[in-house]
Amino acid sequence: MNKETSRILKRIDALGEISDDKQCLSRFYGTKSHKKARKKLLKWMAKAGMQTSTDIVGNVKGVLKSSNPNAKHFMIGSHYDSVFNAGKYDGPLGIILGIEIAHAFSKQNTELPFHLHVCAFADEEGCRFNIAYLGSSLIAGNFNKNWLKKEDDYGYSLSRLMKKNKGDFKDINKNIIPPESWLGYFEPHIEQGPVLCDENTAVCLVSGIAAQNRVNITWKGISGHAGTYPMDLRNDALCAASEFILGVENLGKQNKEKLVTTVGKIKSEPNVSNVIPGLVSHSLDLRSPNNKFLENITKTLYYKALKIAEERHIELQWEIMQSNPSVTCNNQLKEALATSIKKYNKKLIEIPSGAGHDAVMLSNVAPVSMLFIRCKEGISHNPEEYVSPEDIETSFKVSFDFINELAKK
Ligand code: HGY
Ligand code: MN
Ligand code: MN
Ligand code: MN
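Now for a look at the structure at hand. (Residues numbered from 1 in each chain as written. Chains lettered and ligands numbered in written order. Predicted model: local features only at pLDDT ≥ 70, side-chain atom pairs only at ≥ 80, totals over all residues. Heavy atoms only, no water.)

1. Structural notes on the site of ligand 1
Then step 1. Near ligand 1 you find E124, E125, R214, R287, A355, G356 and H381, and these make up its full shell.
Then step 2. Between a nitrogen atom of ligand 1 and a side-chain N or O atom of E125, the distance comes to 2.9 Å.
Then step 3. Within the backbone of G356, an N or O atom sits 2.6 Å from an oxygen atom of ligand 1.
Then step 4. In isolation ligand 1 has 210 Å² of accessible area, and contact with the protein removes 92% of it.
Then step 5. In terms of residue class, the shell around ligand 1 is built from one nonpolar, two polar and four charged. (Near = heavy atom within 4 Å. Polar contact = N/O pair within 3.5 Å; in protein donor to acceptor, adjacent residues only side chain to side chain. Areas by Shrake-Rupley, 256 points an atom, 1.4 Å probe, with all protein chains shown as cover. Nonpolar A, V, L, I, M, F, W, Y, C, P; charged D, E, K, R; others polar.)

2. Focus: the coordination of the manganese ion (ligand 4)
Then step 1. Surrounding the manganese ion (ligand 4) are the protein donor atoms E124 (OE) and G356 (O), at 2.2 to 2.6 Å.
Then step 2. In this model, the manganese ion (ligand 4) sits 3.1 Å from the manganese ion (ligand 2). On the criterion of sequence distance, the pair formed by E124 in the loop between strand 4 (114-121) and helix 4 (134-139) and G356 in the loop between strand 15 (350-353) and helix 10 (358-362) is long-range, its members being 232 residues apart.
Then step 3. Given the relative accessible area of 15%, G356 is considered buried. (Donors = N, O, S within 2.8 Å, 3.2 Å for Na, K, Ca; no water. Helix = DSSP H or I, 4+ residues; strand = E, 2+ residues; numbered from the N terminus. Buried < 20%, exposed > 50% of the residue type's maximum accessible area, 1.4 Å probe, protein only.)

3. So, the nonpolar core
Then step 1. Counting residues in hydrophobic clusters, the biggest one holds 69 residues, and the most contacted among them are F74, L93, L116, F143 and I403.
Then step 2. Excluding anything up to four places from it in sequence, F74 contacts F114, H115, L116, H117, L183, G184, Y185, F186, L333, F402, I403 and L406.
Then step 3. With 27 residues, the next largest nonpolar core counts W182, Y185, I349 and V360 among its residues. (Core = buried A, V, L, I, M, F, W, Y, C linked by side-chain atoms within 4.5 Å. Contact = heavy atoms within 4.5 Å.)

4. Overview of unusual backbone geometry
Then step 1. Looking along the chain, the bond that leaves E269 and enters P270 is cis, with omega of 10°.
Then step 2. For P270, the location among the structural elements is in the loop between strand 10 (266-269) and strand 11 (275-276).
Then step 3. Although it is not a glycine, N85 sits at a positive phi angle of roughly 55°.
Then step 4. Structurally, the position occupied by N85 is in the loop between strand 3 (72-79) and helix 3 (92-107).
Then step 5. Relative accessible area serves as the criterion here: at 31%, N85 is assigned to the partly exposed category.
Then step 6. Even without a glycine there, the phi angle at N200 is positive, about 50°.
Then step 7. Within the secondary structure layout, N200 lies in the loop between helix 6 (195-198) and strand 6 (203-209).
Then step 8. For N200, a relative accessible area of 63% translates into the label exposed.

5. Side note on the pairing of strand 7 (residues 211-220)
Then step 1. Of all 10 residues that make up strand 7, eight are buried, and the element is covered over most of its length.
Then step 2. Bridging between strand 7 and strand 12 (residues 279-288) involves 10 bridges; their strand directions are antiparallel. Bridge assignment links W219 to a residue of strand 12, and that residue is V280.
Then step 3. Pairing of strand 7 with strand 13 (residues 315-324), which is carried by nine bridges, proceeds in the antiparallel orientation. The partner of V215 across the bridge, within strand 13, is I320. (Pairing = 2+ DSSP bridges.)

Take a look at the structure:
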């Protein structure tokens, strides 16, 4: 194993230890462990010879500047927040690979024809506020100021958390790298699916990323005594939500070749066994490679929810939190990456991503490319998530070669 790979593995483990939960890896946005991870990343980027900074959202940024001030910008990135009960590679692997690549360039004192950035995005999963790509949206100049007043499950507002960071809300989307100054964005990321295992190959190209809609839904019924209230007079918010959620699943199954539908988070109040639920809120996650189809499905489900609410005399709240169209990876970058893959990996395949990534947000300002890295049995968002040292070594060699070839152009 080369020294870069052993350092990458050590750092993956070190970051994997930084958690808010003693039983499992959980590092939501703005928590103690999130700040601790930020400090560690800043230190590693500085050690790699990069100029470091953080911004008002909490992104951690390092840059190896080119001597030409008008040089274009190229960024390698991924996220350092996690889901609950997470694996330790989802996000950190891409960041730590980027830091290792920068380290290699600064050690060999290479004069780069572009500014090489590495960015650790503060929140990609969106587990705390149900807003994905919070960190990368700032880099892309897409930070929605309405998000500032959003509260988490404990009444903490996003702005209250961000106030602790340097920077101000006024020009929040102003000082970004403008689209014309970008050479590109590159995100190495675990596949989080079984294809690379089935194909028995370590890495592959990513063709694009599915479109995604995230909706917050609330059903307002009437709480009542479970023992006394007649069945036909009830406005049971949980039964309304349940009828809707089964419909969501059915629609997904009927269109399974081009749609996935998920309700992952639900809250029922007052959540005690002898009271009819009066208030239920839940998430809705819809994805499809086809933008128009996704738009129609979202409308179909909205009308379905309205109908259920009407029939059950329940008040419905339907809030689209985010709508991200599908992304196509840039052909030139893909061709360059394919050349590097062929040097270190027998097979060359290309697959779409059903999972969202910060590349979705960066695609608003830059040509994007992604490298998928095999993870054991495609398991992810799970402590069993695992990448072999051999595949880490291959992903480092391919990624370094890719950037090196771009630098020679
Ligand atoms: O939801 C996703 O696709 C990603 O893991 N944030
Ligand atoms: Mn990820
Ligand atoms: Mn993830
Ligand atoms: Mn993701």
